[in-house]
Protein chains: 2
Amino acid sequence: MTTSIAVLTTGSEILDGRVVDTNSNYVAQKLSELGLKLVRVLAVDDNLDELLGGLHYLHQVADVVITSGGLGPTEDDLTRDMSSRYVGAKLVEFPEARAHLEQFYAARKRVLDPSNLRQALLPEGSQMIHNPNGTAPGFIVTRSDGKIVCSLSGVPREFKRMFDETVLPIIVERAGKTDVIHRAGARLFGLPESVVGKEVVQLGLPKSVDVSYRAAFPEVHLVFKGLDKEKVDIAASMLRSSPTLSPYIFTNSIDQTFPHYISAQLADRNETIALAESCTGGYLGSAITALPGASQLLLGGVIAYSNEVKVRELKVPLELIEEHGAVSAPVAGAMACNVRAALGATYGISITGIAGPTGGSDLKPVGTFFVGVASASTTETKHCLFVNERTYVQRYAAYAALELLRRVMFGNLQKSPFPAEVVNP
Amino acid sequence: MTTSIAVLTTGSEILDGRVVDTNSNYVAQKLSELGLKLVRVLAVDDNLDELLGGLHYLHQVADVVITSGGLGPTEDDLTRDMSSRYVGAKLVEFPEARAHLEQFYAARKRVLDPSNLRQALLPEGSQMIHNPNGTAPGFIVTRSDGKIVCSLSGVPREFKRMFDETVLPIIVERAGKTDVIHRAGARLFGLPESVVGKEVVQLGLPKSVDVSYRAAFPEVHLVFKGLDKEKVDIAASMLRSSPTLSPYIFTNSIDQTFPHYISAQLADRNETIALAESCTGGYLGSAITALPGASQLLLGGVIAYSNEVKVRELKVPLELIEEHGAVSAPVAGAMACNVRAALGATYGISITGIAGPTGGSDLKPVGTFFVGVASASTTETKHCLFVNERTYVQRYAAYAALELLRRVMFGNLQKSPFPAEVVNP
């Protein structure tokens, strides 16, 4: 049995552009992982007739409609009315919903305004959906023909938890999805998605394995899915032994970012890093410290934006800057080496470049940068050119530094061209 | 005459979750600015019958349907077929479209595959929409009842330009919108959106002025719109003289972020900054260097993540850390003061705190942080508590540091409670 699912998002804040709807994308991803199908996403304004019209349209093609939003306490929160009208049930107070509301406010020492009690009114006979992260419970109504409407809070943190804990298990059961979908894959840095796509086709993977890509700049994510675990594993091992793709795989996990991967590796090896960032201005440090536990591996760093700071704080010889320019391999090397020594880290990492939009020259156009990594035994630098907008150049440069660190850590510096040397902007 | 507009997004990458649809949000914002109304957004899979069904559903409520995506050269790019079927016109090659394709490929020294020529086939009698940023032109078809379908590329950079240059002027003309909408507003930091909303209601603004909010954490954006410029200006000046709101307004511009505002002010005053970031790990530096021209004002900084770096690189006395802890006002003060002195900046800015999820104590729970700003004449610090997830604490802390800088720069330190002191998490 196949189950088709649609999402109905409500609320003027989506249609007037104040909010980007990310809840439907969350549903799409979760269903896709399970091999289930989202058939429509529809956004409708806060108007009872329009909402009901939308629901009827969606139920022509979907068995399950998930609604997002409209459960708040104000007059324009109409989802309760829509569902009660849709199945012909009146709204009644659910004691469990009221108790949750009262507890929620009491725990936060806030006064429960009587208008908030509207949120405890649910269609009679509906199944309440608990909302641990917020005040308004959701609910599920079933129509006489078996089609259902699951109504969730529109606040992403609340929506996701309600979807995961209550709605997804119901959908899986309806779909009879007792089959386990097996999943494997990898994440790559340094090849455009189109190139990865072409190379994967060349691999000649088992037919029963479904391949999907996602570009999350500057990472490319590759996921193999299938019911036959052996075939999925074969696909994964074919990928890992591909001479064209494997050098650019930084993790065989399907849900680990590059900063996350490197942090985990450093923590495992009990190693530390120190940063010297010029054109990225702290972006790499910020990406690493966004992850819990960063204090275990990141000692600190220097944002060496001006030449004075490079000289004074990082002890880069002024002659080096005068001879080669601040954006050069020798300066990147000195920055990495000196920040490592100053902070006593296992690795020093440096980035110096021209992020743009101005500051480029014929010899060193905007998008030129150098990354450096120093360890106890070596100092490596790479020249890169990535022509793009300022913040993209900065992100790419931070990733290139992580890539050089990965190659130094695992001793595979010569394995294949360094990503930024082969990028065709 | 009112014109109602709907968006139809096509493509499996939206319904399987690989891509978040941002094009419809762009349309929503642009229309909202002009006082026009987006009535539906619908996402449909790449299937001709489903696409046509979606188009018919949308045209029941909208005069103009804008489609996004499905103009590529592959078999599942069906927008051309959909529109030609919808108005009963056959697809013919448009010489202008073919010339554009050929030039596009020639300019990039790429070979034009014959399959790409599909992109030059448009419904006979349609109006071509030029796509300067990509290969596939768009087009506009008109049905016998006057309703129109505007088909644009789904690539955001291409979509936006095609929408702005061709579709928006047509919509404005259809809507008879020759009226100029006047706009004014402000951006705030340090008050929750709900508090701003309540306070704005208290102001008693002119009735003809439309008020809209947007929370872009941790900023709250407030925009007044109306046809009567005088009334809009009155609303803006009422906001600016509000004793409860004005202390939290950091800019009277409606499109300037806090880092952008502070950078512009520093550049105007020819002043420079140096950063000492602990728990934010480079986030503030990254936010400032994301903007072009940062080298004019940011000399550099120290990511003082470990105590050793605070002592060694920032010369924070070890006794100060031992006596008060690394997360304390005296240490924040010393960090700001010493980074200013070391780098020779007009202002030194510091952040030290516990971003979580671990590391908190009863006395200093997760979310506790101190910000400091040092100038030639003063060193100010503020204690803050913002209980939230790690990356939110980091963003809030970086903004609190900017806020302290703003108060030091403009000498209004005593004007009102410092934001993070009044936040109720």
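Placed above this text is the structure.
Presented here is a report on the structure given in the accompanying data block. (Residues numbered from 1 in each chain as written. Chains lettered and ligands numbered in written order. Predicted model: local features only at pLDDT ≥ 70, side-chain atom pairs only at ≥ 80, totals over all residues. Heavy atoms only, no water.)

**A short note on the overall build of chain A**
Here comes step 1: Scanning chain A from N- to C-terminus turns up 15 helices and 17 strands.
Here comes step 2: Look at the contacts in chain A between residues 6 or more apart in sequence, and 68% of them connect residues 24 or more apart.
Here comes step 3: For chain A, the accessible area works out to roughly 17,300 Å², and carbon and sulfur atoms hold 51% of it.
Here comes step 4: Separation between the mean location of the 40 positive side-chain charges and that of the 45 negative ones in chain A comes to 4 Å. (Helix = DSSP H or I, 4+ residues; strand = E, 2+ residues; numbered from the N terminus. Contact = heavy atoms within 4.5 Å. Areas by Shrake-Rupley, 256 points an atom, 1.4 Å probe, with all protein chains shown as cover. Lys, Arg positive; Asp, Glu negative; His and termini not counted. Charge placed at Lys NZ, Arg CZ, Asp CG, Glu CD.)

**Here we look at the sheet that holds strand β8 (residues 148–152) of chain A**
Here comes step 1: With mixed pairing, the 12 strands of this open sheet are ordered in space as β6(A)-β7(A)-β8(A)-β3(A)-β1(A)-β2(A)-β2(B)-β1(B)-β3(B)-β8(B)-β7(B)-β6(B). Pairing within the sheet leaves two strands with one partner each, and these edge strands are β6 (127–129) of chain A together with β6 (127–129) of chain B. On average, each strand axis in the sheet is tilted by 20° relative to the strand beside it, whichever way the strands run.
Here comes step 2: In this sheet, strand β2 (residues 37–44) of chain A lies alongside strand β1 (residues 4–10) of chain A in parallel orientation, the contact comprising seven bridges. Looking across to β2 of chain A, one finds that T10 of chain A is bridged to V44 of chain A. (Pairing = 2+ DSSP bridges. Axes fitted to C-alpha atoms, helices over the stretch in contact; angles between N-to-C directions.)

**Structural notes on the pattern of salt bridges**
All names here are of chain A.
Here comes step 1: Inspection of every chain in the model, using the stated rule, returns 34 salt bridges over all chains.
Here comes step 2: Note that R161 is salt-bridged to E165, the shortest N-O span being 2.9 Å. Note that R161 and E165 are positioned in helix α6 (residues 156–174) at a spacing of four residues, about one turn of the helix.
Here comes step 3: Assessed through its relative accessible area of 35%, R161 is described here as partly exposed.
Here comes step 4: Its relative accessible area of 46% is what places E165 among the partly exposed residues.
Here comes step 5: When the shortest N-O distance is used, the salt bridge between R406 and E403 registers 3.1 Å. Pair noted here: R406 and E403 are both in helix α14 (residues 390–409), with a separation of three residues, about one helical turn. Just as R406 is buried, E403 falls in that class too. (Salt bridge = Lys/Arg side-chain N within 4 Å of Asp/Glu carboxyl O. Buried < 20%, exposed > 50% of the residue type's maximum accessible area, 1.4 Å probe, protein only.)

**Comments concerning the interface of chain A and chain B**
Here comes step 1: Counting residues at the interface gives 59 residues for chain A and 58 residues for chain B.
Here comes step 2: With both sides pooled, the region where chain A packs onto chain B buries about 4,600 Å², and carbon together with sulfur makes up 53% of that total.
Here comes step 3: Of all residues in chain A, R18, I303 and Y305 of chain A bury the most surface against chain B, accounting for 12% of the area lost on that side.
Here comes step 4: The interface formed by chain A and chain B contains four salt bridges.
Here comes step 5: A salt bridge links R40 of chain B to E50 of chain A; its shortest N-O distance comes to 3.0 Å.
Here comes step 6: Where chain A meets chain B, there are 28 residue pairs in polar contact (both at pLDDT 80 or more).
Here comes step 7: Looking at the side of chain A that touches chain B, the element that brings in the most residues is β2 of chain A, giving eight residues. (Buried area = accessible area lost by both parts, 1.4 Å probe. Polar contact = N/O pair within 3.5 Å; in protein donor to acceptor, adjacent residues only side chain to side chain.)

**As for the relation of the copies chain A and chain B**
Here comes step 1: With an RMSD of 0.4 Å, chain A superimposes on chain B once it is rotated by 180° and translated 0.4 Å along the axis. Overall, the copies show the geometry of a two-fold rotation axis.
Here comes step 2: Most of the interface of chain A is mirrored in chain B, where 97% of its interface residues are also at the interface. (Least-squares fit on C-alpha atoms with pLDDT ≥ 70 in both.)

**Regarding the packing of aromatic side chains**
How two aromatic rings sit relative to each other is set out by the distance from centre to centre and by the angle between their planes.
Residues and elements named next belong to chain A.
Here comes step 1: Applying the stated criterion to the full structure yields 27 aromatic pairs over all chains.
Here comes step 2: On the numbers, 4.9 Å between centres and 55° between planes, the contact of F217 with Y392 is tilted. Of this pair, F217 sits in the loop between β10 (210–216) and β11 (219–226) while Y392 sits in helix α14; the two residues are 175 residues apart in sequence, bridging distant segments of the chain.
Here comes step 3: Following the ring pairs from residue to residue traces out a cluster consisting of F189, F217, F250, F258, Y261, F386, Y392, Y396 and Y399.
Here comes step 4: For the cation-ring pair, R395 lies above Y392, with the distance from its terminal atom to the ring centre recorded as 5.5 Å. (Phe/Tyr/Trp six-rings, centres within 6.5 Å; stacked < 30°, edge-to-face > 60°. Lys NZ or Arg CZ within 6 Å of the ring centre and 35° of its normal.)

**So, the side chain of E313 of chain B**
Here comes step 1: If you trace the backbone, E313 of chain B turns up in the loop between α11 (307–312) and α12 (318–324).
Here comes step 2: For E313 of chain B, which is buried and forms no salt bridge, the nearest opposite charge comes from R312 of chain B, at a distance of 5.0 Å.

**Topic: the pairing of strand β13 (residues 273–277) of chain A**
The side chains of a regular strand alternate between both faces of the sheet.
All names here are of chain A.
Here comes step 1: A large share of β13 lies buried, amounting to five of its five residues.
Here comes step 2: Of the two faces of β13, the one lined by I273, L275 and E277 and the one lined by A274 and A276 are each fully buried.
Here comes step 3: Pairing of β13 with strand β14 (residues 298–303) involves five bridges; the strand directions are parallel. Bridging from a neighbouring strand, I273 pairs with L298 of β14.
Here comes step 4: Handedness of the β-α-β unit built from β13, helix α10 (residues 283–289) and β14 comes out right-handed.
Here comes step 5: Two strands pair when backbone bridges link them, and β13 and strand β15 (residues 347–353) are joined in this way by five bridges, in the parallel orientation. (Right-handed = clockwise from strand over helix to strand, strands pointing away.)

**Quick word on the packing of helix α3 (residues 48–59) of chain A against helix α3 (residues 48–59) of chain B**
Here comes step 1: α3 of chain B packs onto α3 of chain A with a crossing angle of 165° between their chain directions and a minimal axis gap of 12 Å. Comparing the axis directions of α3 of chain A and α3 of chain B gives the class roughly antiparallel. Crossing geometry of α3 of chain A relative to α3 of chain B is assigned as right-handed. Contacts between α3 of chain A and α3 of chain B involve G53, G54 and Y57 of chain A from the former and G53, G54 and Y57 of chain B from the latter. (Parallel < 35°, antiparallel > 145°, perpendicular 65-115°, else oblique. Left-handed = near helix turned anticlockwise from the far one by under 90°.)

**So, the sheet that holds β11 of chain A**
Residues and elements named next belong to chain A.
Here comes step 1: Strand order in the open sheet made by the four strands is β10-β11-β9-β12, with antiparallel pairing throughout. Since the sheet does not close on itself, it has two edges, and those belong to β10 and β12 (249–251), each with one partner. Taken over all neighbouring pairs, the strand axes of this sheet differ in orientation by 30° on average, direction set aside.
Here comes step 2: Sheet topology places strand β9 (residues 182–189) next to β11; eight bridges connect them, and they run antiparallel. Bridge pairing in β11 links G185 to V223.
Here comes step 3: Each of β9, β11 and β12 touches α14; the most contacted strand, β9, lies at about 105° to it.

**Remarks on the nonpolar core**
Here comes step 1: Among the nonpolar cores identified, the biggest contains 78 residues, and I273 of chain A together with I273 of chain B are the most heavily contacted of them.
Here comes step 2: In this view, I273 of chain A contacts L266, I288, L297, L298, L299, G300, A345, Y347, I349 and L405 of chain A; residues no more than four positions away in its chain are not counted.
Here comes step 3: Counting residues in each nonpolar core, the second largest holds 57 residues, with L8 and L51 of chain A together with L58 and Y105 of chain B among its members. (Core = buried A, V, L, I, M, F, W, Y, C linked by side-chain atoms within 4.5 Å.)

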